Amino acid sequence: MWPLWLLASLLALSQALPFEQKGFWDFTMDDGLPMLNDEEASGADTTSGVPDLDSLTPTFSAMCPFGCHCHLRVVQCSDLGLKAVPKEISPDTTLLDLQNNDISELRKDDFKGLQQLYALVLVNNKISKIHEKAFSPLRKLQKLYISKNHLVEIPPNLPSSLVELRIHDNRIRKVPKGVFSGLRSMNCIEMGGNPLENSGFEPGAFDGLKLNYLRISEAKLTGIPKDLPESLNELHLDHNKIQAIELEDLLRYSKLYRLGLGHNQIRMIENGSLSFLPTLRELHLDNNKLSRVPAGLPDLKLLQVVYLHTNNITKVGVNDFCPMGFGVKRAYYNGISLFNNPVPYWEVQPATFRCVTDRLAIQFGNYKK
C-alpha cells in the first residue's frame, strides 16, 4: 500500500502550492486564517503536470533494486542508506523516490534509460555534485525535488520538460544568468532556505521563465528583488531581512494574487507601493515592525485576506481597510488579523470593518509588552 499512498500524495501535491512548508509531503498546509477558495489563488496550473492515470497500469517487469518497493511504475527506495542511485530500475518507471539516503553525487549514467520518469525525489541526501549530463535522459521529467542537500549551485542542464523545481535548504548563494534557459514549462520554483542575498541574482537570471509561484524565504534578502518574472501569481519572501517596500519595488509584479512578506523587518511601506498590485487577494505582513496599517489597502478591490498581526501598529483608522462608498470593493474581506499589536481596540470604530464578511473574520487582542 505504501507505493500507492506515495503516488496519491504526489498527485495531490500537483493541485496546490504552499505558503509555508512544514514537511516534504505537507506542501498544501497553511496556517492562520483561511486562504482563498478559488482555484486562481493558488498560482498553480491545476491541470498541467498531472500524469495520465490510465497510463499507470501495472507493470510486470522483474526489475526492482534490492530493498526497494516497486509497483504501478513507482519505485520507492527511501530510507535505505543508499550511497548512490541504484541500478536495475525499470525503464517504464514514472516516480522514483530516493529521499532520506546518503547519496552524495549524481553521475552521468545514473538515470540512463528512464525516459518515462515524471517525478524524481532526492530530498534529504548529501548531494553536492551533479554531472552536467545527469538529467539528460529524463525527457519527460516534470517534478524535481532536490531539497535538503549540499548543493552550492543550481544544477546545470535541467530537463526542458520540468514544471516544478524544489531546491530549498541547500547552500546556493548565486543564481546566474541563463541557468533556467529553455525551461518554458516551469511554473513553480521553491528555493528558500538558501543563503541568497539580493546581489546573488544576476541580471536576467529568470529570463524566459513564466512562473506562477516563487518562494525565496529564509534567505538573506534585504529588499524585494527587482528582476523576477512578471508572470508571478504568488511570491513568498517571508523570513528574510527586508526593511522597507519602496515605491517601485512591486512595479513589475502586477499579476500577483498572493504576496508573502511575513517575518521580516519592514518598518515602512511607501505610499503608492501597493497600487501596482490590482489583482492582489492575499497579503502577509505579519511579524514585522510596522507602526500603522499600510496605505492603499482600500484601493485593492479584490483583497480578501490581510495578515498584520505582531507588528507595532498603534492606531486603526476608519478608512484603513475599506473604500468610501458602496459597491466599490468587488470582494469583501474574509480575514483581517491585527492581534498582538499595541492598538487600543476599544477606540476602533465599527465602521472600520464595513467591508468584512463576518465579524469573526477580524482577529484582535493578545498584545503583550
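Everything here concerns the structure above.
Below: a short report on this structure. Everything numeric in this text was worked out from a predicted model, so none of it was measured.

1. Looking at the pattern of salt bridges
In this structure the tally under the stated criterion is twelve salt bridges. A salt bridge links Arg215 to Glu190; the nearest nitrogen and oxygen atoms lie 3.0 Å apart. Remark: Glu190 occurs in strand β9 (residues 188-190) and Arg215 occurs in strand β10 (residues 213-215); sequence separation between them is 25 residues. Each member of the pair, Arg215 together with Glu190, is buried. In this structure, Lys226 and Asp249 form a salt bridge, with 3.1 Å as the shortest nitrogen-oxygen distance. Here Lys226 is found in the loop between β10 and β11 (234-236), whereas its partner Asp249 is found in the loop between β12 (244-245) and β13 (258-260), with 23 residues between them in sequence. A relative accessible area of 55% places Lys226 in the exposed class. Each member of the salt-bridge network shares a partner with another, and the members are Lys83, Asp102 and Lys126.

2. Describing the state of the cysteines
One pass over the structure, following the stated rule, counts three disulfides. Cys64 shares a disulfide with Cys70; S-S distance 2.0 Å. Between Cys64 and Cys70, the disulfide has an S-S torsion of 85 degrees and is therefore right-handed. Since its relative accessible area comes to 31%, Cys70 is described here as partly exposed. Residue Cys68 pairs covalently with Cys77 via a disulfide, S to S 2.1 Å. Residues Cys68 and Cys77 are joined by a disulfide whose S-S torsion is about 120 degrees; by sign, that bridge is right-handed. For the pair formed by Cys68 and Cys77, the shared burial category is buried. In the chain, the bonded cysteines, numbered by position in the sequence, are linked as 1-3, 2-4, 5-6.

3. Considerations on the packing of aromatic side chains
All chains considered together, the criterion is met by seven aromatic pairs. Residues Phe111 and Phe135 carry aromatic rings whose centres are separated by 6.2 Å and whose planes lie at 15 degrees to one another, so their mutual orientation is stacked. You can see Phe111 sitting in the loop between β4 (105-106) and β5 (119-121) and its partner Phe135 sitting in the loop between β6 (129-130) and β7 (143-145), a full 24 residues away along the chain. For Phe135, a relative accessible area of 2% gives the class buried. Measuring from ring centre to ring centre gives 5.9 Å for Phe321 and Phe353, while their planes differ by 35 degrees; the resulting arrangement is tilted. Taken together, the residues Phe321 in the loop between β16 (305-307) and β17 (335-337) and Phe353 in the loop between β17 and β18 (362-363) connect sequence positions 32 residues apart. The buried category is assigned to Phe353, whose relative accessible area is 13%.

Criteria and thresholds
- Residues numbered from 1 in each chain as written.
- Predicted model: local features only at pLDDT ≥ 70, side-chain atom pairs only at ≥ 80, totals over all residues.
- Heavy atoms only, no water.
- Salt bridge = Lys/Arg side-chain N within 4 Å of Asp/Glu carboxyl O.
- Helix = DSSP H or I, 4+ residues; strand = E, 2+ residues; numbered from the N terminus.
- Buried < 20%, exposed > 50% of the residue type's maximum accessible area, 1.4 Å probe, protein only.
- Disulfide = S-S within 2.5 Å.
- Phe/Tyr/Trp six-rings, centres within 6.5 Å; stacked < 30°, edge-to-face > 60°.

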